[in-house]
Amino acid sequence: MKALCWHGTGDVRVDSVPDPKIIDQRDVILKITAAGICGSDIHLFNGFQPAMEQGDILGHESMGEVVEVGSKVTKLKKGDRVVVPFTISCGECYFCKKTLFSCCDTTNPNAALAAEAMGHSPAGLFGFSQMLGGYSGGQAEYLRVPHADVGPIKIESGLRDEQVLFLSDIFPTGYMAAENAQIENGDTVAIWGCGPVAQFAIRSAWMLGAGRVIAIDRVTERLQMAREANAETINFEEDDVHERLMTLTKGRGPDSCIDAVGCEAHGTGTFETMVDTATDKIGIHKDRTYALSQAIMACRKAGTVSIPGVYTGAADNLPLGAAMNKGLTMKMGQTHVQRYLKPLLKKIEDGEIDPSFVITHRVELNEAPAAYQTFRDKSDGCVKVVVTP
Ligand SMILES: NC(=O)c1ccc[n+]([C@@H]2O[C@H](COP(=O)([O-])OP(=O)(O)OC[C@H]3O[C@@H](n4cnc5c(N)ncnc54)[C@H](O)[C@@H]3O)[C@@H](O)[C@H]2O)c1
Ligand SMILES: [Zn+2]
Ligand SMILES: [Zn+2]
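Quantities reported herein were computed from a predicted structural model and do not represent experimental measurements.

## A short note on the coordination of the zinc ion (ligand 3)
Piece 1. The coordination sphere of the zinc ion (ligand 3), as far as protein atoms go, consists of Cys90 (SG), Cys93 (SG), Cys96 (SG) and Cys104 (SG), spread over 2.3 to 2.4 Å.
Piece 2. Read N to C, the donor residues that coordinate the zinc ion (ligand 3) are spaced as C-x2-C-x2-C-x7-C. Separated by 11 residues along the polypeptide, Cys93 in the loop between β6 (87-88) and α2 (94-97) and Cys104 in the loop between α2 and α3 (111-118) bring together distant segments of the chain. The same class applies to Cys93 and to Cys104, which are both buried.

Take a look at the structure:
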């Protein structure tokens with residue numbers, strides 16, 4: 001089959017690779033009909049995620065048609081149309097039983113490597129480095145889906161692929177980010193980033209009772225898309241974000257702050273930015289905490305900072321003292337996607353949201369390498385790319 005493979009920093013290619021096979025009788029094989037490119041893929045593309053190997057197949061936002069079924073799979077059959085969570089979870093361990101699916105204890109075959117870096121291993125993830133399981137991803141013609149009775153959700157209504165694909169990741173991620181923000185009715189929520197995850201966080205914050213949503217980015221089309229969801233916006237290149245937030249909240253600060261940017265945050269001309277650019281050039285990538293630091297500094301006392309943005313290593317210069325002394329709550333993590341599939345599918349079926357609003361680019365698999373660049377550079381008005389193999 002054809003698949004999008006990682007070959008090094010800034011180098012992804014469509015290669016011919018062996019078709020996936022059933023390895024465990026709880027697997028199914030999907031023929032992929034649609035796959036997203038995520039901001040997390042850009043961290044892999046840009047070399048921020050350790051333990052990537054030449055030839056790793058990327059992609060963790062996948063959907064398609066079941067074409068092969070392991071003998072122990074009971075809930076799916078050939079021909080079923082499913083969306084696949086990016087988290088691979090067993091459904092049986094201590095963490096899965098608590099619906100903490102991204103913390104599944106059993107699905108990372110390279111758990112020792114992850115535990116060395118993080119103390120414990122999180123769940124295996126599709127297309128996300130050897131450290132997180134070495135599972136082939138779905139930016140390909142076919143995908144092996146382990147634990148098929150636990151992850152995939154069957155789509156039985158007439159909803160189009162583009163309306164349900166993002167149940168695999170960014171809709172649940174934006175929603176969990178808003179839940180983690182502990183929003184109380186009427187609260188002011190500030191969101192760093194207006195990328196795809198942030199777009200869903202904005203809409204989810206409204207669903208969860210926010211009274212005001214303020215979104216921060218520098219990319220015109222993305223700020224515009226945030227305003228279309230009734231967010232007030234701040235362009236961090238034109239305005240001093242902290243000052244603006246204090247003015248907008250009469251000095252108190254937002255009740256909840258969401259960092260939907262993650263480890264590749266852009267600074268604004270500071271010394272650190274220069275250092276980051278220099279270290280990037282020589283291939284040393286360190287987590288950049290500009291957005292998170294601003295969120296901590298701006299958040300009101302005893303407020304909540306929610307972090308869906310991905311970090312991969314250690315961070316310098318994080319204002320931990322501010323977080324501690326202001327009594328902030330910080331909640332974060334890879335999304336427990338399986339927990340959100342049914343309730344969020346219902347919201348789509350009920351017409352409360354049509355997730356396809358975020359799509360700006362549709363490409364075939366052989367155009368995916370160019371689409372990685374367009375999405376990374378945020379050129380051509382690109383907010384979200386869907387690949388159809
Ligand atoms: N927790 C999870 O399970 C999960 C799931 C999906 C994605 N993610 C992560 O969420 C983050 C966002 O993903 P995305 O797909 O929206 O990515 P994206 O890269 O398209 O969006 C990030 C946005 O942040 C903006 N930005 C950069 N620096 C900023 C700053 N200092 N202040 C404000 N905005 C700034 C960029 O202009 C961009 O629009 C990534 O880190 C991704 O890895 C996490
Ligand atoms: Zn993702
Ligand atoms: Zn588990």
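## Considering the site of ligand 1
Piece 1. Surrounding ligand 1, one finds 30 residues, the nearest of these being Ser40, His43, Asp217, Arg222 and Pro308.
Piece 2. Between ligand 1 and the protein, one listed contact pairs an oxygen atom with a backbone N or O atom of Thr335 at 2.9 Å.
Piece 3. Protein chains shield 96% of the accessible area of ligand 1, which is 870 Å² for the free molecule.
Piece 4. Every element with two or more residues in the shell around ligand 1 is listed here: α1 (39-45), α6 (196-207) and β11 (212-217).

## Things to note about the pattern of salt bridges
Piece 1. Summed over the entire model, instances satisfying the criterion amount to 17 salt bridges.
Piece 2. Salt bridges here are not isolated pairs; linked through shared partners, they connect Lys77, Asp80 and Lys154.

## A closer look at the nonpolar core
Piece 1. Core analysis: the biggest nonpolar cluster contains 71 residues, and Phe166, Leu167 and Ile191 have the highest contact counts within it.
Piece 2. Among residues more than four places away in sequence, those in contact with Ile191 are Ala198, Ala201, Ile202, Val213, Ile214, Ala215, Ile216, Ile258 and Ala260.

## Considering the packing of aromatic side chains
Piece 1. For the coordinates displayed, the defined rule picks out seven aromatic pairs.
Piece 2. An angle of 35° between the planes, with centres 5.3 Å apart, marks the rings of Phe171 and Phe200 as tilted. Of this pair, Phe171 sits in helix α5 (residues 170-180) while Phe200 sits in helix α6, placing them 29 residues apart in sequence.
Piece 3. The exposure class of Phe171 is buried, given its relative accessible area of 0%.
Piece 4. With relative accessibility at 0%, the residue Phe200 sits in the buried group.
Piece 5. Among the aromatic residues, those joined into a ring-pair cluster are Phe166, Phe171, Phe200 and Phe357.

## Things to note about the side chain of Glu162
Piece 1. Looking at the element boundaries, Glu162 is found in helix α4 (residues 161-164).
Piece 2. Within polar-contact distance, the side chain of Glu162 engages the side chain of Arg362 at 2.7 Å.
Piece 3. With sequence-adjacent residues up to four places away left out, Glu162 is seen in contact with Pro355, Ser356, Ile359 and Arg362.

## Side note on the layout of surface pockets
Piece 1. There is about 1100 Å³ of room inside the second largest pocket.
Piece 2. Met118, Pro122, Tyr311, Gly333 and Gln334 are the residues nearest the centre of the second largest pocket, which is lined by 42 residues in total.
Piece 3. Among the secondary structure elements, those contributing two or more residues to the lining of the second largest pocket are α3, α5 and β15 (329-332).
Piece 4. Of the residues that constitute the lining of the second largest pocket, the class distribution is 24 nonpolar, 14 polar and four charged.

## Focus on a nonpolar patch on the surface
Piece 1. A contiguous nonpolar surface patch, about 330 Å² in accessible area, is contributed by Phe271, Met274 and Val275.
Piece 2. Along the polypeptide, Val275 turns up in helix α9 (residues 271-281).
Piece 3. For Val275, a relative accessible area of 35% puts it in the partly exposed group.

Conventions we followed
Residues numbered from 1 in each chain as written. Chains lettered and ligands numbered in written order. Predicted model: local features only at pLDDT ≥ 70, side-chain atom pairs only at ≥ 80, totals over all residues. Heavy atoms only, no water. Donors = N, O, S within 2.8 Å, 3.2 Å for Na, K, Ca; no water. Helix = DSSP H or I, 4+ residues; strand = E, 2+ residues; numbered from the N terminus. Buried < 20%, exposed > 50% of the residue type's maximum accessible area, 1.4 Å probe, protein only. Near = heavy atom within 4 Å. Polar contact = N/O pair within 3.5 Å; in protein donor to acceptor, adjacent residues only side chain to side chain. Areas by Shrake-Rupley, 256 points an atom, 1.4 Å probe, with all protein chains shown as cover. Salt bridge = Lys/Arg side-chain N within 4 Å of Asp/Glu carboxyl O. Core = buried A, V, L, I, M, F, W, Y, C linked by side-chain atoms within 4.5 Å. Contact = heavy atoms within 4.5 Å. Phe/Tyr/Trp six-rings, centres within 6.5 Å; stacked < 30°, edge-to-face > 60°. 1 Å grid on protein atoms, 1.4 Å probe; cavity = no way out; pocket = protein on both sides within 12 Å on 5 of 7 lines; lining within 4 Å. Points joined across faces, edges and corners; volume = space filled by probe spheres on them. Nonpolar A, V, L, I, M, F, W, Y, C, P; charged D, E, K, R; others polar. Patch = residues over 30% accessible without salt bridge, like charges linked within 9 Å, V, L, I, M, F, W, Y side chains within 5 Å.

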